[in-house]
Amino acid sequence: METYELSLNAAQLRGSLELCQSVTQDATQLLDRCSAHLRELDRVAQPLTQRTVALTRARENVKKAMERAAEVLDHLDASRKVESVIGEGPRANLQAFLAALAKLDAAIQFLQQHRHMQTAADALGHTTALRGRAVEQCGAEFGALLAKHSAVPQALLALQRQSMSLALSSRDLDQEVAAVIPDMLPETVLPKLRALAQAQLSNGDRSCLKTFVDTRRRVVQQCLEGLLAGIGSREDIARMAWRQVEVRIPSWVAAVKLLVRLVQEEARLCALVFPSSEQFEALQQVTSGPGRFLIEAGDRILSCKPVPDKLFGLLDMHEAASAALPSLRAALLAAQQTCRLERASPGMGGMPAPAPQTLAVYTELAGLLTRTVAEVRACFALLQESYGGKVADSVPPDGTVHPLCGSTVAALKRLMSYESALPVLFGEGAQQGPPAPSGMGGLREEARLLERMSAAVTTILDSLLAAVGAKAQAAYRTKALAALHMLNNAQFLSHAAAGKELRAVAEPWLDGHKGLVEQYQRQYMEACWAPLVSLLQADLRQPAPGAGQQLEKGGRQAAKDKWTAVNKLLEPVMAQQGSWTVVDPGLRYGLKDSIADLVLPPYQEFTERYMRLPFTENRTKYMKVGVGALRGFLAQELFERGGEGGGSAVDGRSGSRTADGSSHGGMTRSSVSSVLRS
């Protein structure tokens, strides 16, 4: 059964294979006929295809030729097409004008590459001439825009008028300068200026640089001239006293600060108007002339004859110049960095960056700073030497502080108020500014400067005291008033040296003059009150006569002589010393208490002794000053009337610290005892 099924399947398979073979043969015959038809069709269509390809290529060639011809015609006819736009100028429509100029540039470049064409030469000449006129119009419009919008701000003009009248202080000038510099050119004008400058520079015309430099330099110069006009020429300065020159220094300081702001503003304008490669050159040329004008004015001030008072004006100038240099350097570095980046960019072909340069105004201001330091040191040397000579001023009649002491302390305080004073006077370098301690090295340098200044202050104060003391000894008729005068001066200098303004540099002087105030107190007491106390105590040591006892003629005369001697010592004191002055209230009341403790007890005992004795019938003739009157004089009149006219060199202060560090409470008991023993 299985064999039968296999034979049936084999028979069916043979039938299917035969059918497939028959179908395959029919399909092969059909394909052969189709292939023959296709070969015939290709043979027939081949000529048509060849003609179609040729026509297509011809069409493309005609199109390219027409485009090229249109381009040639466009470049040949470019000058005629844009001539009307160029004729209207950039002011009518800047964008259209610049587009027309760009079209002329492209046409000239094309025509220069195709000089072999018959009409290229004529077209090139006409186009070049038109572009030249267009570039000239750009330059004219560039200059017109600058001239229209470049002017000194009205607020600055008003400030200049005030500074010429010397009506403003240094602080007022600083505040005004900080408020008068808005944008020197309107922001809406800057894009136009940049486009016009770019158009000129791209066509090889650098006249815009000269126009910009001349215009902006003139404006900057005018901004500074108003502040510096009052300084005068070198001949004018030579004829002036220093006080007349000094009132002009705030104008110069304000001009320095104004120059910094102007340089920063001009650097900004250069960056907004010119490409990076031109910015530094433009900034250099704009600022060099005005900067030189400012430096020359500073040199004229420096040329004034050195005097001690010149020191502070020069320090003001030094501070202004020192503060200006970092800002000028920042503007310089920014301009140079931009220039170097552009030179090194791939678009510039990797051109090497230019060598570092320095703004002329920066270099010249740094040189002026060096000269100012030398002049400051010369004036400080004169200040030190000036205290070694004689005191020219007359002494105060009431024994108050000598005016020279007041002016000296004021000068030292003012000197220490300058942050740069110590580095300028004693620093190692020429261009010294405020100290900036950094680590141990900075602290050591600060300590060295303080030590140098302390030595100078000690020399000044010692010379001052010696000169004032010599003048007092020569001028005052009484040793007591001379001692009181030196007491006032010593107390005033000690108080000033212990104050916060001078403590750092005057502490060595204080340490070296401990007990100075007490020394002059002792001298005053010995010269004025010690003779009276000695006379009283000498009498009190003798046996007292009995109360109501009748004195012989010799005894009565002896009592009268004693009272005459007492009155001779006491009356001049009461007549004169009410108008003498002790400036410091604490010292004054302490000294009065010490005098009262020293004089009143023996005087009261002396008075009571002779009140009981009938040595005269007219006691008021001899006992002229009662104990109550003397007590009232010491409490209310002694040293109280001298300062009524306000002529004291300094204001009174209480609780002052003396040279030995104690507060003024009058003479100590040991001092009183020493006076009694003497």
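No experiment lies behind these values; they were computed from the predicted model shown.

Cut-offs used in this document
Residues numbered from 1 in each chain as written. Predicted model: local features only at pLDDT ≥ 70, side-chain atom pairs only at ≥ 80, totals over all residues. Heavy atoms only, no water. Helix = DSSP H or I, 4+ residues; strand = E, 2+ residues; numbered from the N terminus. Buried < 20%, exposed > 50% of the residue type's maximum accessible area, 1.4 Å probe, protein only. Contact = heavy atoms within 4.5 Å. Areas by Shrake-Rupley, 256 points an atom, 1.4 Å probe, with all protein chains shown as cover. 1 Å grid on protein atoms, 1.4 Å probe; cavity = no way out; pocket = protein on both sides within 12 Å on 5 of 7 lines; lining within 4 Å. Points joined across faces, edges and corners; volume = space filled by probe spheres on them. Nonpolar A, V, L, I, M, F, W, Y, C, P; charged D, E, K, R; others polar. Core = buried A, V, L, I, M, F, W, Y, C linked by side-chain atoms within 4.5 Å. Salt bridge = Lys/Arg side-chain N within 4 Å of Asp/Glu carboxyl O. Axes fitted to C-alpha atoms, helices over the stretch in contact; angles between N-to-C directions. Parallel < 35°, antiparallel > 145°, perpendicular 65-115°, else oblique. Left-handed = near helix turned anticlockwise from the far one by under 90°. Expected span 1.5 Å × (residues − 1). Phe/Tyr/Trp six-rings, centres within 6.5 Å; stacked < 30°, edge-to-face > 60°. Lys NZ or Arg CZ within 6 Å of the ring centre and 35° of its normal. pLDDT = per-residue confidence, 0-100. Polar contact = N/O pair within 3.5 Å; in protein donor to acceptor, adjacent residues only side chain to side chain. Disulfide = S-S within 2.5 Å.

**A look at the overall build of the protein**
Next up, step 1: Tallying secondary structure elements over the protein gives 26 helices and 0 strands in all.
Next up, step 2: In the protein, which comprises 678 residues, the proportion classed as buried is 43%.
Next up, step 3: Within the protein, residue pairs in contact and separated by at least 24 positions form 82% of the contacts whose partners lie at least 6 positions apart.
Next up, step 4: Accessible surface, the protein as shown: approximately 34,400 Å² in total, 54% of it carbon and sulfur.

**Description of the layout of surface pockets**
Next up, step 1: Put simply, the second largest pocket is a space of about 230 Å³.
Next up, step 2: Secondary-structure elements contributing two or more residues to the lining of the second largest pocket are α18 (479-498), α20 (516-528) and α22 (553-576).
Next up, step 3: When residues in the lining of the second largest pocket are grouped by element, the largest group, 5 residues, is from α22.
Next up, step 4: Of the residues belonging to the lining of the second largest pocket, the class tally is 8 nonpolar, 3 polar and 2 charged.

**A closer look at the environment of P308**
Next up, step 1: Of note, P308 is situated in the loop between α12 (276-302) and α13 (310-344).
Next up, step 2: By relative accessible area, P308 is classed as partly exposed at 24%.
Next up, step 3: For P308 and Q384, which are 76 residues apart along the polypeptide, the C-alpha to C-alpha distance reads 8.5 Å.
Next up, step 4: If we ignore the near neighbours within four places in the chain, the residues touching P308 are C379, L382, L383 and S386.

**With respect to the nonpolar core**
Next up, step 1: Counting 173 residues, the largest nonpolar core has W252, Y524 and W529 as the members making the most contacts within it.
Next up, step 2: Sorting elements by how many residues they give to this core places helix α11 (residues 249-273) first, with 15 residues.
Next up, step 3: Excluding its chain neighbours within four sequence positions, the residues that come into contact with W252 are L228, I231, L294, A297, G298, I301, M317 and L368.

**Remarks on the pattern of salt bridges**
Next up, step 1: Tallying each qualifying case throughout the model produces 20 salt bridges.
Next up, step 2: Where E266 meets R216, a salt bridge forms, and the shortest distance between an N and an O atom there is 2.7 Å. Residue E266 is located in helix α11, and its partner R216 is located in helix α8 (residues 207-228); the two are separated by 50 residues in the primary sequence.
Next up, step 3: Judged by its relative accessible area of 0%, E266 is buried.
Next up, step 4: A salt bridge links E364 to R292, with the shortest nitrogen-to-oxygen separation between them at 3.4 Å.

**Here's the deal with the packing of α20 against helix α23 (residues 585-611)**
Next up, step 1: One can describe the packing of α20 onto α23 by two numbers: an axis separation of 12 Å at closest approach and a directional angle of 45°. One element, α20, and the other, α23, form an angle in the oblique class. Between α20 and α23 the crossing geometry is right-handed. Across the interface between the two elements, V517, Q521, Y524 and M525 of α20 pack against L587, L591, S594, I595 and L598 of α23.
Next up, step 2: The residue inventory of the contact of α20 with α23, partitioned by class, reads 7 nonpolar, 2 polar and no charged.

**Observations concerning helix α15 (residues 403-416)**
Next up, step 1: An ideal rise of 1.5 Å per residue puts 20 Å on 14 residues; α15 measures up with 20 Å between its terminal C-alpha atoms.
Next up, step 2: For α15, the complete set of buried residues consists of C405, G406, T408, V409, A411, L412 and L415.

**Regarding the packing of aromatic side chains**
Next up, step 1: Tallied over the entire structure, the rule returns 6 aromatic pairs.
Next up, step 2: One aromatic cluster is present, built from ring pairs that chain together F142, F212 and F274.
Next up, step 3: Lying across the ring of Y589, R588 places its NZ or CZ 5.1 Å from the centre.

**Focus: the confidence of the model for the protein**
Next up, step 1: Counting all residues, the mean pLDDT for the protein is 78, and 76% of those residues have values of 70 or more.
Next up, step 2: For the protein, helix α26 (residues 669-677) is the element with the lowest average pLDDT, namely 44, and α18 is the one with the highest, namely 91.
Next up, step 3: Predicted confidence is poor over residues 341-356, with pLDDT under 50, and the contacts of this stretch with residues over four places away or in other chains come to 18 contacts.

**Brief notes about α23**
Next up, step 1: The end-to-end C-alpha distance of α23 is 36 Å, a good match for the 39 Å that 27 residues give at a rise of 1.5 Å each.
Next up, step 2: Counting buried residues along α23, 19 of its 27 residues qualify, which places the element largely inside the surrounding structure.
Next up, step 3: For α23, the side-chain oxygen to backbone nitrogen distance between the N-cap and G586 is 2.9 Å, and the N-cap itself is D584.

**A short note on the packing of α8 against α12**
Next up, step 1: Here α8 crosses α12 at 25°, and the two axes come no closer than 9 Å. The angle between the axes of α8 and α12 places the two elements in the roughly parallel class. Crossing of α8 over α12 shows right-handed handedness. Residues L209, F212, V213, R216, R217, V220, Q221, L224, E225 and L228 of α8 form the contact with α12, whose own contacting residues are E278, A282, Q285, V286, G289, P290, F293, L294 and A297.
Next up, step 2: Here the contact of α8 with α12 is composed, by residue class, of 12 nonpolar, 3 polar and 4 charged.

**Notes on the environment of C304**
Next up, step 1: For C304, the position within the fold is in the loop between α12 and α13.
Next up, step 2: Spatially, the C-alpha atoms of C304 and I237 are 6.4 Å apart, while their sequence positions differ by 67 residues.
Next up, step 3: Setting aside residues up to four positions removed in sequence, C304 forms contacts with I237, W242, V245, K310 and E375.

**Re the state of the cysteines**
Next up, step 1: Inspection of the entire model under this criterion finds 0 disulfides.
Next up, step 2: No disulfide involves C138; its nearest neighbouring cysteine sulfur is the one of C208, lying 9.6 Å away.
Next up, step 3: On the basis of relative accessible area, C138 is assigned to the buried category, the value being 0%.
Next up, step 4: As a non-bridged cysteine, C304 has C379 as the owner of its nearest cysteine sulfur, 8.9 Å distant.

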